Structure formats: structure tokens, C-alpha cells
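Chain by chain, the residues:
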Amino acid sequence: MHIQHGFSRGSVKARGGLAGALPAAAATFYPADTAIYAQGDKSGALYLVEFGTVRICSVTADGRRQISAFHMAGEVFGFASGAEHETYAESVDGAGIRLVRQQAGLADPNILNLALQGLGRAQNHLLLLGRRTAAEKLAVFFTDVMERQGDDRHVRLAMPRNDIADYLGLTFETVSRLIRSFKDQGVIRLKSVHEVEILDPARLEDMCA
């Protein structure tokens, strides 16, 4: 069941103050693993993550799921080049989503800046899939999530390892093996299944180079 919530704009963890400048609306709570919109749904609306995490997915020709993006608090998603969504969006861990109505569309500089941020991440993701080893992919992923969460020592993983695997183009087994390897090398410490502490940031950064 989707639950409506009222809230103030100051409750959003904004990136660079942009999210707080977007039009106010009620937030809808989407429980874990529920759809926010489906592939083929009419596009046009944009969505702001108030809390939680959202995954953007598509299905490959051979029926496999590919995750193209994760969106976190203060980020906007739902941009589409055509009249219909070519991907689908789901809540990962129970997400509060605010509908952003496009009176001005991309003419609004706040929305345009958020769109450009999302485009930049999408381009980086394509490079990540095509030109890096498996270990480098995981190191870049940890670094990206850590920076987006604003923490230089901890990575909070809302998504399960199979989600990470589908995002990085790896298998679940490979992701699990690499996390154990990073731990054994003293690069990270597993505080819990959902939190990773970075013990050697310089080593992790070197792995991203």
C-alpha cells in the first residue's frame, strides 16, 4: 500500500540546495521492492527521493535484469527521452517519493541541474561497465555511494548484493568474493550487512584510478 505523507522541504537531504527549491508536494511511501512506475508507462512527471533508495531497471533481450542507476535522498529521477518510460523504477528499501510537477519542465534551472547530474552519473556508469576490472568496479561503486551520502569513511548499502551485481554487470558470487577480498586486504570492515567502513581510503582511491 502506498501511504501519503506531508512534510516540509527542509526535511529533504538536498544536494547543493537544489532539491529544496523544487515545488512542494505530498510524499508517497513505497515499501521495499514495490514499483514506482513501470516500463512503458507514460513519462512526463519527475520524482524526488525524500528518503530511501530507488533503483532504475530494464530487462535485457535474454530476460536478465540490468540496473542502470540508484537514486538516493535529494536526487530526482524519471527523466525520459520519449513519451513512455524505457525503464522501470522500484523502491529498494522503503522510499519516500515526492512527485515533482513540471510546470516549467527543464526550463527550471533547478530541475535542469539535477538532470545534468543524473546524465553525468549515467555516462560514468557506462564507462564503469566497459573499461574496468571487477575489483575496480566495486571500488568505484563504494566511492560513489560514499561521496553521494556525504561520508568519507562509511558506505551505507540499502541495496542487497544481487542489486549491486546487476548494477555492476557482475555475478552475485563475484561481488561477495570481492567484498571478502577487500576485507581480507584491510581496505574495508563490514560493520553489518548494510554498512561498510572504509579502513584504507587511499588504497580504495588507488583501485579506482
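An account of the accompanying structure is given in this report. The written sequence of each chain sets the order in which its residues are numbered from 1. Selection of residues for local features in this predicted model requires a pLDDT of at least 70, selection of side-chain atom pairs for listing and counting requires 80 or more, and totals for whole chains, interfaces and linings are taken over all residues. The side-chain values count all of the structure's non-hydrogen atoms but skip hydrogen atoms and water molecules.

**Here's the deal with the packing of aromatic side chains**
Working definition: a ring pair exists when centres of Phe, Tyr or Trp rings (six-membered ring for Trp) sit within 6.5 Å. Plane angles under 30 degrees give stacked, over 60 give edge-to-face, the rest tilted. On inspection of all chains with the given rule, the structure shows 9 aromatic pairs. Consider the rings of Tyr 47 and Phe 77, whose centres lie 5.3 Å apart with planes at 20°: the pair is stacked. Here Tyr 47 is found in strand E4 (residues 46-51), whereas its partner Phe 77 is found in strand E7 (residues 76-77), with 30 residues between them in sequence. Summarising the burial analysis for this pair, Tyr 47 and Phe 77 share the class buried. Taken together, the ring pairs connect Phe 70, Phe 141, Phe 142, Tyr 167 and Phe 182 into an aromatic cluster. Numbering goes from the N terminus for both helices and strands, where a helix is a DSSP run of H or I of at least four residues and a strand is a run of E of at least two. The classification of residues rests on relative accessible area computed with a 1.4 Å probe and restricted to protein chains. Under 20% of the type maximum is buried, over 50% is exposed, and intermediate values are partly exposed.

**Some remarks on the packing of helix H3 (residues 161-168) against helix H4 (residues 172-184)**
Comment: axis = line fitted to C-alpha atoms, over the contacting stretch for helices; angle = value between 0 and 180 degrees taken between N-to-C directions. Packing of H3 against H4 brings their axes to within 8 Å, and their N-to-C directions diverge by 105°. For the element pair H3 / H4, the angle class is roughly perpendicular. From H3, Arg 161, Asn 162, Ile 164 and Ala 165 reach across to H4, where they touch Phe 172, Val 175, Ser 176 and Ile 179. Asp, Glu, Lys and Arg are counted as charged, while Ala, Val, Leu, Ile, Met, Phe, Trp, Tyr, Cys and Pro are counted as nonpolar; the rest, among them Gly, fall into the polar class. Of the residues assigned to the contact of H3 with H4, the class counts are 5 nonpolar, 2 polar and 1 charged. Between 65 and 115 degrees an angle is taken as roughly perpendicular, under 35 as roughly parallel, over 145 as roughly antiparallel, and anywhere else as oblique. Two residues form a contact once any of their heavy atoms are found within 4.5 Å.

**Here we look at the sheet that holds strand E11 (residues 188-192)**
As a general point, the strands of a sheet are linked pairwise by backbone hydrogen bonds and lie either parallel or antiparallel. Two strands pair if DSSP finds at least two bridges between them. With antiparallel pairing, the 3 strands of this open sheet are ordered in space as E10-E12-E11. If you trace the sheet from one side to the other, it starts and ends with strand E10 (154-156) and E11, each paired once. Neighbouring strand axes in the sheet, compared pairwise and without regard to direction, differ in orientation by 25° on average. Sheet topology note: the E11/strand E12 (residues 195-198) ladder contains 4 bridges and is antiparallel.

**Topic: the pairing of strand E9 (residues 95-100)**
In terms of burial, E9 is a largely internal element, 5 of the 6 residues being buried. The sheet contact formed by strand E2 (residues 27-30) and E9 spans 4 bridges and is antiparallel. Within E9, the residue paired with Ala 27 across the bridge is Arg 98. The pairing of E4 with E9 spans 5 bridges and is classified as antiparallel. Looking across to E9, one finds that Phe 51 is bridged to Gly 96.

**Overview of the sheet that holds strand E8 (residues 88-91)**
Strand order across the open sheet formed by 4 strands is E3-E8-E5-E6, with antiparallel pairing between neighbours. Each edge of the open sheet is held by one strand with a lone partner, namely strand E3 (35-37) and strand E6 (65-71). Direction aside, the axes of adjacent strands within the sheet are offset by 35° on average. Note that strand E5 (residues 54-59) and E8 share 4 bridges and pair antiparallel. Bridge pairing in E8 places Ile 56 opposite Ala 89. Across the sheet, H3 touches E5 and E6, and the angle it forms with E6 is around 100°.

**Considering helix H5 (residues 201-208)**
Along H5, the residues that are buried comprise Leu 204, Met 207 and Cys 208. One face of H5 carries all of its buried residues, which in axial projection span an arc of 105°. Turned more than 90 degrees off the buried face of H5, the exposed positions are Glu 205 and Asp 206. Where H5 is buried, its residues contact helix H2 (134-148), H4 and E12. What the arc measures is the spread of directions leading from the helix axis to the C-beta atoms.

**Some remarks on the nonpolar core**
If you look at the biggest cluster of nonpolar residues, it comprises 31 residues, and the most contacted ones within it are Leu 138, Phe 141, Phe 142 and Phe 182. Of all the secondary-structure elements, those providing two or more residues to this core are E6, H2, H3, H4, E12 and H5. In terms of residues, this core owes the most to one element, H2, which gives 6 residues. Apart from the residues lying within four places of it in its own chain, the contact partners of Phe 142 are Val 155, Leu 157, Ile 179, Phe 182, Ile 188, Val 196 and Leu 204. Among buried residues, those of type Ala, Val, Leu, Ile, Met, Phe, Trp, Tyr and Cys that are joined through side-chain atoms within 4.5 Å constitute a nonpolar core. With 12 residues, the next largest nonpolar core counts Tyr 37, Tyr 47, Phe 77 and Ala 95 among its residues.

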